[in-house]
Amino acid sequence: MRPRQGIIEIFSTFLQFDADRFRAWVSDPHLRRSMQARLAQSPQMEAAENYWVLYWYKLWQTQPESLAKAHLTAYLQEVCYWTAHKTSASFTSSQYTLSDCFQMAIARFDKVLKGFNPQLGYGFKSYASAIFSSVLKDLLRQQQEVDISTNWSLLRRLSQKRLVESLQNTGLGVEVINRYVLAWNCFKTLYVPTHPTGTRQLPKPESETWEAIAKLYNQERITQLHPSGAECNAQTLEKWLVACAKAARSYLYPSLVSIDAPKPGQESGAFLDDLGSFEQDNYLNEMIAVEEQKTQQSRQTQMQAALAEAIAKLDSQAQTIMQMYYGQGLTQQEIAKAIDTKQYTVSRRLTRARESMLLALAKWSQETLHITLTSEVLNNINTVLEEWLQVHYRRPSSLMESTS
C-alpha cells in the first residue's frame with residue numbers, strides 16, 4: 001500500500017479495493033476542498049497531523065453534521081486496513097475477506113468517536129486500532145457461531161433483549177413483536193431444556209413438540225398478551241420463529257455497503273456525495289485545537305513516564321516475560337520453555353505485571369486528570385494499556401529500556 005502524502009491527502013482520501021487487495025487512494029472532492037480552505041486560513045499547520053485530528057474531533061463534538069466525521073474517517077483508513085489485515089489473518093476459517101473485515105470495522109467508526117477521550121492522554125490512531133480490533137474479533141467469533149448454527153440453536157442462545165431489538169429493526173409493530181416473543185419463550189420452555197447446551201446443530205422440533213408449544217402459547221396469550229389475539233397452530237408458530245431467527249441474523253450481521261459505492265438505480269453519484277457541506281468555523285476553534293494538542297502531547301509524555309516507571313519496578317523475571325510476550329510475540333508456552341518454568345507460572349506473572357501497571361495508570365489518571373474510575377473508564381484504561389504495551393515493547397530500544 002502506498003502511504004499517503006500530505007495533510008490534504010491524509011484527511012480527504014479513501015481506500016479502494018480491487019479483488020480484496022489495495023488498489024488506490026480515491027480523493028473525495030468535498031473533503032479536499034474543505035482541507036484546502038482550512039489550510040489557506042492556517043498555513044502554519046500544514047504538517048501538524050495531530051492538530052487536525054483534534055481540530056476535526058472538536059468540531060464533530062459541536063457540529064456532528066459537519067464534514068468533521070468524514071475527515072476523521074478518511075484519516076483512519078490505514079489504521080482500519082492494517083487492523084483488518086491482522087485480524088482476518090487470525091480467523092482462517094472465516095468466510096469474510098480482508099475487504100469485508102475492513103468494511104465491518106469502519107462501519108463501527110461511531111464507536112471510536114464516542115469512546116475517544118483526548119484527556120486520557122492516548123492517541124486517536126492507537127485508540128481506534130484497539131477498538132477496531134476488539135470489534136472485529138467479537139464479530140468474527142460470533143459469526144463463526146452463527147454460520148454453523150441452526151435457527152433453533154441461534155434462538156436458544158439469543159437473549160430476549162436482542163430478539164426484541166432484531167424484530168424492531170424489521171419495522172414490526174409492538175403487538176406483533178409481543179406475539180413473537182411469547183412464541184419464542186414457549187419454544188425455550190418446552191424444547192430447549194431437552195437438548196444439551198453445547199451443540200450448535202440443534203435440530204428442528206418434532207411435530208409433537210410443536211403441538212405442545214402451540215398449546216402453551218394459546219394458554220399463555222390470554223394473560224401475557226393485551227390484546228390476546230387469536231389462537232395459533234403449530235405451523236404458524238414455526239413460521240414466526242423462523243422469522244425471528246432471520247431477523248436476528250440480519251440485525252446482528254447486517255450487509256455492508258461501501259461509502260463510495262454507487263447509489264441504487266443511479267449510474268453516477270455515490271453515498272459519499274450526500275455528506276453535508278463544509279461549515280466554516282471561527283479562529284477561536286483553531287486556537288482551542290492548538291491548545292488541546294499541546295495538552296494532549298504533555299499528558300501522553302506524563303502517561304508514558306508513569307508506565308515506564310511501573311515497568312522499572314517489576315522484577316527481572318517479570319520484565320523478561322513482558323518483553324518476550326509483547327516484544328517478541330511469543331506464546332506463554334514458548335516463554336515457559338525458554339525460561340524453564342511452567343506455563344501457568346508465566347500466565348500468573350503476566351497477569352500480575354499487567355495488574356500492577358493498570359493500577360499505576362489508574363492512579364495517574366485520578367491524580368492528573370481528576371476523573372472518577374467508573375467501569376467504562378477502567379475498560380478504556382485497560383484498552384489503552386494493552387495498546388501501549390504492544391507499541392512500547394516493539395520499539396527497537398524497548399528491550400534496553402525494560403531491562404535497564
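In the annotation of an unreviewed UniProt entry, the protein is listed under the name Sigma-70 family RNA polymerase sigma factor and assigned to Scytonema millei VB511283.

Caption draft 1: A look at the confidence of the model for the protein. Looking at the protein as a whole, its pLDDT mean stands at 80, while 78% of the residues score no less than 70. The secondary structure element of the protein with the lowest average pLDDT is helix H19 (residues 398-403), at 40, and the one with the highest is helix H4 (residues 68-75), at 94. This model gives residues 256-260 a pLDDT under 50, and the stretch forms 13 contacts once residues within four places in sequence are excluded. Confidence drops under pLDDT 50 across residues 270-284; counting only partners more than four residues distant or on other chains, this segment forms 36 contacts.

Caption draft 2: Quick peek at the packing of helix H10 (residues 160-169) against helix H11 (residues 174-190). Put simply, H10 and H11 touch, their axes get as near as 10 Å, and they point 145° apart. Of the two possible hands of crossing, H10 and H11 adopt the one that is right-handed. From H10, Gln160, Leu163, Val164, Leu167 and Gln168 reach across to H11, where they touch Ile177, Tyr180, Val181, Trp184 and Asn185. Its residues assigned to classes, the contact of H10 with H11 comprises seven nonpolar, three polar and no charged.

Caption draft 3: Seen up close, the nonpolar core. Formed by 71 residues in total, the largest nonpolar core has its most connected members in Trp52, Phe124 and Phe132. Top contributing element to this core by residue count: helix H8 (residues 124-147), with nine residues. Residues in contact with Phe124, not counting those within four places in the same chain, are Val53, Leu72, Tyr75, Leu76, Phe109, Val112, Leu113 and Phe116. With 32 residues, the next largest nonpolar core counts Leu163, Val181, Phe187 and Ala248 among its residues.

Caption draft 4: Unusual backbone geometry, seen in detail. The omega torsion of the bond from His226 to Pro227 falls at 0°, within 30 degrees of zero and hence cis. Summarising the element assignment, Pro227 is placed in the loop between helix H12 (207-224) and helix H13 (234-252). Even without being glycine, Asp340 reaches a positive phi, approximately 60°. Along the chain, the position of Asp340 falls in the loop between helix H16 (332-338) and helix H17 (343-369).

Caption draft 5: Main features of the packing of helix H5 (residues 77-89) against helix H6 (residues 98-106). Axis separation between H5 and H6 bottoms out at 8 Å; the angle between their running directions is 125°. The angle between the axes of H5 and H6 places the two elements in the oblique class. Considering the relative orientation of H5 and H6, their crossing is right-handed. Along the contact surface, H5 presents Gln77, Cys80, Tyr81, Ala84, His85 and Ser88, while H6 presents Leu98, Cys101, Phe102, Ala105 and Ile106. The residue inventory of the contact of H5 with H6, partitioned by class, reads eight nonpolar, three polar and no charged.

Caption draft 6: Structural context of the side chain of His71. Here His71 is to be found in helix H4. Residue His71 is classed as buried on the basis of its relative accessible area of 0%.

Caption draft 7: Looking closely at the environment of Met303. Looking at the secondary structure, you find Met303 in helix H14 (residues 283-312). According to the relative accessible area criterion, Met303 is buried, its value standing at 4%. On a C-alpha basis, the gap between Met303 and Ser365 in space is 8.4 Å, while along the polypeptide they are 62 residues apart.

Caption draft 8: Inspection of H13 at higher detail. Its 19 residues place the ends of H13 27 Å apart at the C-alpha level, agreeing with the 27 Å of an ideal helix rising 1.5 Å per residue. Those residues of H13 that fall on the buried side of the exposure criterion are Ala234, Leu237, Glu238, Trp240, Leu241, Cys244, Ala245, Ala247, Ala248 and Leu252. Here H13 starts with a cap whose side-chain oxygen sits 3.3 Å from the backbone nitrogen of Gln235, and that cap is Asn233.

The rules behind these values
- Residues numbered from 1 in each chain as written.
- Predicted model: local features only at pLDDT ≥ 70, side-chain atom pairs only at ≥ 80, totals over all residues.
- Heavy atoms only, no water.
- pLDDT = per-residue confidence, 0-100.
- Helix = DSSP H or I, 4+ residues; strand = E, 2+ residues; numbered from the N terminus.
- Contact = heavy atoms within 4.5 Å.
- Axes fitted to C-alpha atoms, helices over the stretch in contact; angles between N-to-C directions.
- Left-handed = near helix turned anticlockwise from the far one by under 90°.
- Nonpolar A, V, L, I, M, F, W, Y, C, P; charged D, E, K, R; others polar.
- Core = buried A, V, L, I, M, F, W, Y, C linked by side-chain atoms within 4.5 Å.
- Buried < 20%, exposed > 50% of the residue type's maximum accessible area, 1.4 Å probe, protein only.
- Parallel < 35°, antiparallel > 145°, perpendicular 65-115°, else oblique.
- Expected span 1.5 Å × (residues − 1).
- Polar contact = N/O pair within 3.5 Å; in protein donor to acceptor, adjacent residues only side chain to side chain.

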